[in-house]
Amino acid sequence: MEAISHAGIVIGVLSKDGVVLAAEKKVTGKLLDMSGATGGSYGGSGEKIFLLNSNVISGVAGITADANSLVNYARQAAQRHLFSYNEDIPVELLAQRLCDLKQGYTQYGGLRPFGVSLLYAGYDPHYQFQLYHSDPSGNYSGWKATCIGANNGTATSLLKQDYKEDISVEDAIELVLKVMSKTMDSTTLGSEKLEFATLTLDASKQPKAKIYNPAEIDALLQKHGLGKKEEGDAAAPAPGDLTL
Amino acid sequence: MSDRIYLGLPGLATDVTTLKEVFRYRVNMYTIKEEREIEPETFAHLVSSTLYEKRFGPYFIEPVMAGLEKTPSGAYKPFIAATDLIGCLNFAKDFVVAGTASTKLYGVAEGLWEPDLEPEDLFETCAQTLLNAVDRDAYSGWGAEVHLITKDKVIKRTLKGRMD
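Residues numbered from 1 in each chain as written. Chains lettered and ligands numbered in written order. Predicted model: local features only at pLDDT ≥ 70, side-chain atom pairs only at ≥ 80, totals over all residues. Heavy atoms only, no water.

> Quick rundown of the overall build of chain A? Include the residues and the values.
Of regular secondary structure, chain A possesses 6 helices and 10 strands. Buried residues in chain A amount to 49% of all 244 residues. Accessible area for chain A stands at about 11400 Å²; split by element, carbon and sulfur atoms hold 53% of it. (Helix = DSSP H or I, 4+ residues; strand = E, 2+ residues; numbered from the N terminus. Buried < 20%, exposed > 50% of the residue type's maximum accessible area, 1.4 Å probe, protein only. Areas by Shrake-Rupley, 256 points an atom, 1.4 Å probe, with all protein chains shown as cover.)

> Give a detailed account of the overall build of chain B, specifying residues and quantitative values.
Looking only at helices and strands, chain B features 4 helices and 6 strands. From first element to last, N terminus to C terminus, chain B shows the α and β order β-α-α-β-β-β-α-α-β-β. Expected size for 164 residues packed as a compact globule is a radius of gyration near 15 Å; at 16 Å, chain B falls within 12% of this value. Projected onto its principal axes, the C-alpha positions of chain B cover 45 × 40 × 25 Å. Taking all 164 residues of chain B together, the buried fraction comes to 37%. (Rg over C-alpha atoms; globule rule 2.2 N^0.38 Å.)

> Mind laying out the interface of chain B and chain A, listing which residues take part and the relevant values?
Across the boundary between the two partners, chain B contributes 13 residues, which contact 17 residues of chain A. Summed over both partners, the interface of chain B with chain A comes to about 1300 Å²; 56% of that surface belongs to carbon and sulfur atoms. At the boundary of chain B with chain A, the tally comes to 0 salt bridges. Inspection of the region where chain B meets chain A yields 5 residue pairs in polar contact (both at pLDDT 80 or more). When grouped by side-chain class, the residues that make up the side of chain B that touches chain A number 4 nonpolar, 3 polar and 6 charged. (Contact = heavy atoms within 4.5 Å. Buried area = accessible area lost by both parts, 1.4 Å probe. Salt bridge = Lys/Arg side-chain N within 4 Å of Asp/Glu carboxyl O. Polar contact = N/O pair within 3.5 Å; in protein donor to acceptor, adjacent residues only side chain to side chain. Nonpolar A, V, L, I, M, F, W, Y, C, P; charged D, E, K, R; others polar.)

> Kindly report on the sheet that holds strand 1 (residues 5–8) of chain B, identifying the contributing residues and their values.
Residue and element names in this part refer to chain B. Pairing within the open sheet is antiparallel, and its 4 strands lie in the order 1-2-3-4. On the outer flanks of this sheet lie strand 1 and strand 4 (89–90), each paired with one strand and no other. Seen against the sheet, helix 2 (residues 40–52) touches strand 1, strand 2 (64–70), strand 3 (76–83) and strand 4 and runs at an angle of roughly 145° to strand 2. (Pairing = 2+ DSSP bridges. Axes fitted to C-alpha atoms, helices over the stretch in contact; angles between N-to-C directions.)

> Any chance you could break down the domain arrangement of chain B for me, citing the residues and the numbers?
All names here are of chain B. Looking at chain B, the domain boundaries give domain 1 (1–99) and domain 2 (101–163). Its C-alpha centre places domain 1 at a distance of 20 Å from the equivalent point of domain 2. Counting from both sides, the interface comprises 11 residues of domain 1 and, opposite them, 12 residues of domain 2. By the criterion of area lost to domain 2, the three top residues of domain 1 are Tyr6, Phe95 and Val97, representing 52% of everything that side buries. Between domain 1 and domain 2 we count 0 salt bridges in total. Applying the counting rule to domain 1 against domain 2 returns 3 residue pairs in polar contact (both at pLDDT 80 or more). (Domains from an automatic or database assignment.)

> Account for the pairing of strand 4 (residues 56–62) of chain A, naming residues and giving values.
Residues and elements named next belong to chain A. Burial runs high along strand 4: 6 of the 7 residues are buried. Here strand 3 (residues 49–53) pairs with strand 4 via 4 bridges, running antiparallel. Note on strand 4: the bridge partner recorded for Phe50 is Ser58. Remark: 2 residues form the turn of the hairpin made by strand 3 and strand 4, two consecutive strands paired antiparallel. The pairing of strand 4 with strand 5 (residues 116–124) spans 7 bridges and is antiparallel. By the bridge assignment, Ser58 is partnered in strand 5 with Tyr120.

> Hey, could you go over the packing of helix 2 (residues 64–85) of chain A against helix 1 (residues 13–34) of chain B for me, with residue numbers and the actual values?
The contact between helix 2 of chain A and helix 1 of chain B brings their axes to 10 Å, and the two run at 155°. Here helix 2 of chain A lies roughly antiparallel to helix 1 of chain B, going by the angle between them. Here helix 2 of chain A runs over helix 1 of chain B; the crossing is right-handed. For the pair formed by helix 2 of chain A and helix 1 of chain B, the contact residues are Asn72, Arg75, Gln76, Gln79, Arg80, Leu82 and Phe83 of chain A on the first element and Thr18, Glu21, Val22, Arg24, Tyr25, Asn28, Met29, Ile32 and Lys33 of chain B on the second. (Parallel < 35°, antiparallel > 145°, perpendicular 65-115°, else oblique. Left-handed = near helix turned anticlockwise from the far one by under 90°.)

> I'd love a proper account of the packing of aromatic side chains, names of residues and values included.
All names here are of chain B. Counted under the stated rule, the structure contains 8 aromatic pairs over all chains. Between the aromatic rings of Phe95 and Trp113, the centroid separation amounts to 6.4 Å while the plane-to-plane angle is 70°, which identifies the pairing as edge-to-face. Of the two residues, Phe95 is situated in the loop between strand 4 and helix 3 (102–112) and Trp113 in the loop between helix 3 and helix 4 (119–135); the sequence distance between them amounts to 18 residues. Taking relative accessible area as the criterion, Trp113 reaches 28% and is therefore assigned partly exposed. Looking at Arg157, its charged tip hangs above the ring of Phe123, at a distance of 4.3 Å from the centre. (Phe/Tyr/Trp six-rings, centres within 6.5 Å; stacked < 30°, edge-to-face > 60°. Lys NZ or Arg CZ within 6 Å of the ring centre and 35° of its normal.)

So, in structure tokens, the structure goes:
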């Protein structure tokens, strides 16, 4: 639990036509080799946002080693479901599978629990877009907008203020970026500190996960007036935008 | 299996369905972990090891695979392979065959195939081989399906055969 409250923040916002996830990277530096981080639609080799299945992406906060193990477990669980039922796993069921595992580690002696909180952003035909949160004890719950990691109290109250019931993905993206820029320690937002992903539907109504690569993140930040250009006053509102 | 890997599974129908699902599982896991599409040769080894896992109670299947592999220079190179029911790999340079008509297919393919065929000539060779071999086989027939895999598109053609 302690590790999670120090971890980089992860924010998720649900909308009618998509889900948005953003995460703050803590391990940075110019010597860190990021050439492996391709982004795109395969797996997401970032530090904090992963593709679990074609219909679910997740953001993690806590002990990275534990998180990697859980991500692997989730991917296996999703493929097992696809194998058995020839259907993509429903989002809540995937969250449940992981929580069953997490809960097990709180009950049996000798082992420590997974020090990881996760956000699951997914789509299934029964309940459309969904956003879930799970903690190390194995509790999980569904949210319209939530966050995990350091400063999650501040971010939650910002989300509470600005979340609207019928928000669109575009507005959700803007909301997430704004909250991110207000809660992160650093003064400027940039791809080296930020991970970003969306889950929407494509033309054939199939879920489409997009994990942004560094160049796309910088372009997105630029578009919302939060990019590096405004060095020093990144937190200032973009022209025409109201203050949070 | 992917945009540029095709797999044929002649054999017991239940095993065809099961193996199709097993390979989907394994290819999906490969793609998500490696963050790239699987190469045909890697896939061939995956098929082989999956079948050998059931060495003493095998799936009744003799897979044939065809695809385009990426060369280091970024170009695409054709690839074919086949295995027996316990996964013994055969990377042939010319042709691979399997199924009830395999003995006849070997004969016709041996006669018709020649090196460096252009896509449309390759299609004709393949189609003629199939139709003629199948006519000599009592267990198979009623038409054929040919997928012509090129680097920018895959053409699927359904052929009419003898219906007796």
